[in-house]
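Report on the structure
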Amino acid sequence: MLSYSLGLALYTSVALALRVDSVGNAPSYRSHLIDLHRDLVSIRSTSGLEENVGAFLTDYFLENGWMSILQVVPPRDNTPSGSDRMNVVAWPDSDKSPTPKVLLTSHIDTVPPHIPYDIENGEITKQTRISGRGSVDAKASVASMIVALEQLLEAGDVQSDDVMLLFVVGEEVSGDGMRFFNTSLDGMDPKPEFEAVIFGEPTENKLACGHKGALFCSLDVQGIGGHSGYPWLGKSATELLVRAMKEVLDADLGSSKEYGNTTVNLGRIEGGVAENVIPEHAHAGLMVRVALGPKEIGGKVVQERIQAILDSIDQEAFNLVCSQSYGFVEAECAVDGFESIVVNYGTDMPNLDGEFTRYLYGPGTIFVAHGPHENVTVGDLESAVEGYQRLVMHALHGDSGDSALSLDEL
């Protein structure tokens, strides 16, 4: 399982090294960062199919003298028989159990479809664009986090027992990887007591003050089938669904100054069997971005408001089931030298319990993530390396960390 070659596309690495070396003012780690990012993005790792990328990272840490453990997460419906889905937990010390103060974490699964890796031709500069599925969300964070810690350790700015890396599966679909890790903490000896956790997601290299909450909802509608020529003898499930969705989409489900309005995405809708048959069943899949807090009850409040709308249309026809219900999630964003931002997407932050400081930061923009033109610049990756270094130093020492490896000095 762990035989995935670290020599992935070796000839490309050589070519990239030649292109990078021709550019002045590049950080010493540029070629390594680009190689690592390329190797990660080149591996297909759609949610449920993360085995190969987990194996690659385990090999990588083994060859670089890090200790790592695999957490096998239960399969999804699309996971092939005999394949594993693996969280990867790693720390830079092979001799003892970890007692880290700071955890850096991101996810190694991606949304479909897989898009092959590509990098612009010509001389590599900070403006050079790299594309492919996961090039932003979130393998840009994964590669930058690894290189940031390697550089800090090499410079002696952090100790091996200060830090830990966690790369999880399933963030894009259900958060099952992070929830698995969260449950596993009680069984670790000693149990890690993190002082800070840095979550890697595309924030344009700004510190996010938090993000909206979420509701993942399934709505089933039960009607009464019949001949379409006699609609009064039946009850159209699709008509009820359309009427309900108009009311839900138009409703004020809650807002806040920091996070704006609660929004509803009608992601899937289906129903009926033929044009001349009154539909007996209909179904919709909803994704609600919750602008209310706190985290513990904000989602529940919005769900109750949606249910009230449904009941006002028909008290018997609708069955609303929601999961991953939570209100907006806050993070620390008052760190000198960082711009701040608020984001509308969800992360694994609510899936990890603990009394620690949360930071949300990473390279690239969410506006291209999940789309056909997902891409990130070399400069964004390099800025993220420095940003992660500064956040680690801030978390450990209470300042922004004047690291000897600052890009301004390279």
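Residues numbered from 1 in each chain as written. Predicted model: local features only at pLDDT ≥ 70, side-chain atom pairs only at ≥ 80, totals over all residues. Heavy atoms only, no water.

An unreviewed UniProt entry lists the chain under the name Peptidase M20 domain-containing protein-like protein, with Emericellopsis cladophorae as the source organism.

Further remarks concern the sheet that holds strand S17 (residues 329–330). Here 3 strands make up an open sheet; going across it, the order is S17-S8-S18 and the pairing mixed. Each end of this open sheet is capped by a strand with a single partner; those strands are S17 and strand S18 (340–343). Inspection of the sheet shows strand S8 (residues 207–211) paired to S18 by 3 bridges, in the parallel sense. Among the inter-strand pairings, His211 is bridged to a residue of S18, identified as Val343. (Pairing = 2+ DSSP bridges. Helix = DSSP H or I, 4+ residues; strand = E, 2+ residues; numbered from the N terminus.)

Quick look at the state of the cysteines now. Chemically, a disulfide is nothing more than a covalent bond linking the sulfur atoms of two cysteines. On inspection of all chains with the given rule, the structure shows 2 disulfides. In this model Cys217 forms its disulfide with Cys322; the gap between the sulfur atoms is 2.1 Å. Given an S-S torsion of about 105°, the disulfide between Cys217 and Cys322 has right-handed geometry. Of the two residues, Cys217 sits in strand S9 (residues 213–222) while Cys322 sits in strand S16 (residues 318–326), which places them 105 residues apart along the sequence. Exposure remark for Cys217: the relative accessible area of 5% places this residue in the buried category. The class for Cys322 is buried, based on a relative accessible area of 18%. If you count the bonded cysteines of the chain from the N-terminus, they pair up as 1-4, 2-3. (Disulfide = S-S within 2.5 Å. Buried < 20%, exposed > 50% of the residue type's maximum accessible area, 1.4 Å probe, protein only.)

Turning our attention to the UniProt feature "domain: Peptidase M20 dimerisation" (unreviewed entry) in the chain. In the numbering used here, UniProt assigns the feature "domain: Peptidase M20 dimerisation" (unreviewed entry) to residues 210–312. In the segment residues 210–312, helix accounts for 28% and strand for 38%; the C-alpha atoms at its two ends are 34 Å apart. (UniProt positions renumbered as here; feature names shortened; annotations may be inferred.)

If you walk across this open sheet you meet the 4 strands as S13-S15-S9-S16, and the pairing is antiparallel. Of all strands in the sheet, those with a lone pairing partner are strand S13 (263–271) and S16, marking the two edges. The sheet shows a mean angle of 15° between the axes of neighbouring strands, direction not considered. With 8 bridges joining them, S13 and strand S15 (residues 281–290) adopt antiparallel strand pairing. Paired with Glu270 across the two strands is His283, which belongs to S15. (Axes fitted to C-alpha atoms, helices over the stretch in contact; angles between N-to-C directions.)

What follows covers the environment of Asp220. In this fold, Asp220 is placed in strand S9. Residues Asp220 and Asn319, 99 residues apart in the sequence, show an inter-C-alpha distance of 5.2 Å. Side-chain polar atoms of Asp220 contact the side chain of His283, separated by 2.9 Å. (Polar contact = N/O pair within 3.5 Å; in protein donor to acceptor, adjacent residues only side chain to side chain.)

We now examine the packing of helix H3 (residues 51–63) against helix H4 (residues 139–155). Taken N-terminus to C-terminus, the directions of H3 and H4 make an angle of 10°; their axes are 14 Å apart at the nearest point. Relative to H4, the element H3 lies roughly parallel. Facing Val53, Leu57, Tyr60 and Phe61 of H3, the residues of H4 in contact are Lys139, Ile146 and Glu150. Considering only residue class, the contact of H3 with H4 consists of 5 nonpolar, no polar and 2 charged. (Parallel < 35°, antiparallel > 145°, perpendicular 65-115°, else oblique. Contact = heavy atoms within 4.5 Å. Nonpolar A, V, L, I, M, F, W, Y, C, P; charged D, E, K, R; others polar.)

Our next topic: the pairing of strand S19 (residues 357–361). With 4 of its 5 residues buried, S19 lies for the most part within the structure. Of the pairings in the sheet, the one linking strand S7 (residues 196–200) to S19 comprises 5 bridges and is parallel in character. Across the sheet, residue Val197 finds its bridge partner in S19, namely Arg358.

If you walk through the whole model with that rule in mind, you get 13 salt bridges. Two residues, Lys191 and Asp186, come together in a salt bridge whose shortest N-O distance is 2.8 Å. By relative accessible area, Lys191 is classed as partly exposed at 40%. Of the charged contacts, one joins Asp314 and Lys235 as a salt bridge, the two residues approaching to 3.0 Å between their closest N and O atoms. With Asp314 in the loop between helix H7 (298–313) and S16 and Lys235 in the loop between strand S10 (226–227) and helix H6 (237–250), the pair connects residues that are 79 residues apart, well separated along the chain. What makes Asp314 buried here is its relative accessible area of 14%. Three or more residues joined by partner-sharing salt bridges are found here, namely Arg30, Lys126 and Glu382. (Salt bridge = Lys/Arg side-chain N within 4 Å of Asp/Glu carboxyl O.)

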